[in-house]
Amino acid sequence: MDYNATTPMESEVMQTITEAMQEAWGNPSSSYAPGRNAKVLIDWARETIAQMVGGHPEDIIFTSGGTEANNLVIHTVVKYFWNHQRHLAPKDGRVDLGGIVQVLPHIITSNVEHDSVHLVVENLVKEGKAKATFLPVSKVTGCIQVDDVIAAIGPSTCLISIMLANNETGVLMPIAEMCRRVKIVNHQRGKQTPKILLHTDAAQALGKLQVDVQDLGVDYLTVVGHKFYGPRIGALYVRGPSTSSPVYAMFIGGGQERKFRPGTENTPMIAGLGKAAELVVKKLEIYASHMKEVRDYLEVCLLTVFGKEKLHFNSHFQGSDCLPNTCNVSILGPNLQGRNVLLHCQRLLASVGAACHSENVNRPSHVLLNSGIPYEVAENAIRLSVGRATSKEDVDTIVEELKLAVKEIKLCAAQT
């Protein structure tokens, strides 16, 4: 029950990848049949991914994964800022933004973002290449407050990057409202100030929720294949690459991906990503309904076995919506730290937080702490995330195993 960390590839996805390896092994830039086959597959995948997110095929850029896509956005916007500065600069090179001379690009993000956003921005700040505001999420709702985003905007703000759904709590962020408000601010800004570009990492939402870039209003959206039963590559949606929204390649090479992402295309994995997207387009309602039904059953079973007074659901926040598959729960009591409980489980495969933080064994999740979960509750957290094939029988099995694990831990503690 750790499907927020990764998912297995669907059989149809594996079949598509295998067929691409056999029939479309050529270089997509080549004119002979295997190359043409590869080009056709890549174009088809671009179309299905665009359909999944509500964009246009030309808005999709393939990447190695979500980390590269997020880095590409941040790299792009910093370069865009300096290009904007140089365009405005008089001969002495000094630029005035609201009375501030030679300011740095300013990025707004939250304090519960994935490391592929948080650490990139943090590193830019450490290197003196940018300023940043890491906005705290509400300890009541668990999500970012749009008023706080607007209040943080300054003359040099050029990027706002907020995830669409949190990978640990499952809380959905108010991206559409945020984008609507920021666009009003953009209309009011003068030519001396850069346009504020809007990005959301949709890794956890795709395949679980309807995601439409037109409804959201974002300029950039990150797609991660292995979160929705696809291969471990990704894509970046860009609203009108280099026309409405800037894109600057992070490295130089051939002309692939319109020079936005050079390198010979990984045709089989791109085809697999396209098939995974096609399945989401066709079956999202079925997937989401099943996951919610099983997740809700899981929470009822946990309450039945442990009792309301012995549980704290870290994914329940007042006034906020949550992913349909995510149950972050703490079993309250001494010695019941999440890692300890999982060590006593034989069949349950779960985590205590984001997989990318698994090396931080001595401290509870910073996401939970920043979301207002008390330390002693956060250290007992177990993130349970169900998948497309998780059954109620699976839930019965793991809840019984959790019950036995807690009983064993208490028995061991009583004997020491």
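Criteria and cut-off values
- Residues numbered from 1 in each chain as written.
- Predicted model: local features only at pLDDT ≥ 70, side-chain atom pairs only at ≥ 80, totals over all residues.
- Heavy atoms only, no water.
- Helix = DSSP H or I, 4+ residues; strand = E, 2+ residues; numbered from the N terminus.
- Rg over C-alpha atoms; globule rule 2.2 N^0.38 Å.
- Buried < 20%, exposed > 50% of the residue type's maximum accessible area, 1.4 Å probe, protein only.
- Contact = heavy atoms within 4.5 Å.
- Areas by Shrake-Rupley, 256 points an atom, 1.4 Å probe, with all protein chains shown as cover.
- Lys, Arg positive; Asp, Glu negative; His and termini not counted.
- Charge placed at Lys NZ, Arg CZ, Asp CG, Glu CD.
- Pairing = 2+ DSSP bridges.
- Axes fitted to C-alpha atoms, helices over the stretch in contact; angles between N-to-C directions.
- Left-handed = near helix turned anticlockwise from the far one by under 90°.
- Nonpolar A, V, L, I, M, F, W, Y, C, P; charged D, E, K, R; others polar.
- Salt bridge = Lys/Arg side-chain N within 4 Å of Asp/Glu carboxyl O.

A. Representation of the overall build of the protein in the model. Across its full length, the protein carries 12 helices and 12 strands. Whereas a compact globule of 416 residues would reach a radius of gyration of roughly 22 Å, the protein reaches 23 Å, a difference of no more than 12%. The principal-axis extents of the C-alpha atoms in the protein amount to approximately 80 × 60 × 35 Å. Sorting the 416 residues of the protein into buried and exposed places 55% on the buried side. Long-range pairs, those at least 24 residues apart, make up 72% of the contacts in the protein between residues at least 6 apart in sequence. Surface exposure of the protein reaches about 18,200 Å², of which carbon and sulfur atoms provide 54%. A gap of 5 Å separates the mean positions of the 40 positive and 42 negative side-chain charges of the protein.

B. Representation of unusual backbone geometry. For Tyr229, which is not glycine, the phi torsion reads 65° and is therefore positive. The phi dihedral of Arg258 is positive, around 55°, even though this residue is not glycine.

C. Quick peek at the sheet that holds strand E10 (residues 311-313). Taken together, three strands build an open sheet; the order of strands is E10-E11-E12 and the sheet is antiparallel. Two strands close off the open sheet at either side, each with one partner strand: E10 and strand E12 (381-385). The mean angle between the axes of side-by-side strands here comes to 30°, regardless of whether they run parallel or antiparallel. Sheet topology places strand E11 (residues 326-331) next to E12; five bridges connect them, and they run antiparallel.

D. Examining the packing of helix H3 (residues 66-88) against helix H4 (residues 115-126) more closely. With their axes 9 Å apart at the nearest point, H3 and H4 run at an angle of 35° to one another. Seen along the crossing, H3 lies across H4 with a hand that is right-handed. Residues Thr67, Asn70, Asn71, Ile74 and Val78 of H3 touch H4, and the partners they reach there are Ser116, Val117, Val120, Val121 and Leu124. Within the contact of H3 with H4, the residues separate by chemical class into six nonpolar, four polar and no charged.

E. Molecular detail of the pattern of salt bridges. Going through the model one piece at a time under the given rule, you end up with 12 salt bridges. A salt bridge links Arg388 to Glu10; its shortest N-O distance comes to 2.9 Å. Taken together, the residues span a long stretch of sequence, with Arg388 in the loop between E12 and helix H12 (392-414) and Glu10 in the segment before helix H1 (11-23) at a distance of 378 residues. Among the residues examined, Glu10 registers a relative accessible area of 19% and is labelled buried. The salt bridge involving Glu127 is made with Lys129; its shortest N-O contact spans 3.0 Å. The class for Glu127 is partly exposed, based on a relative accessible area of 43%.

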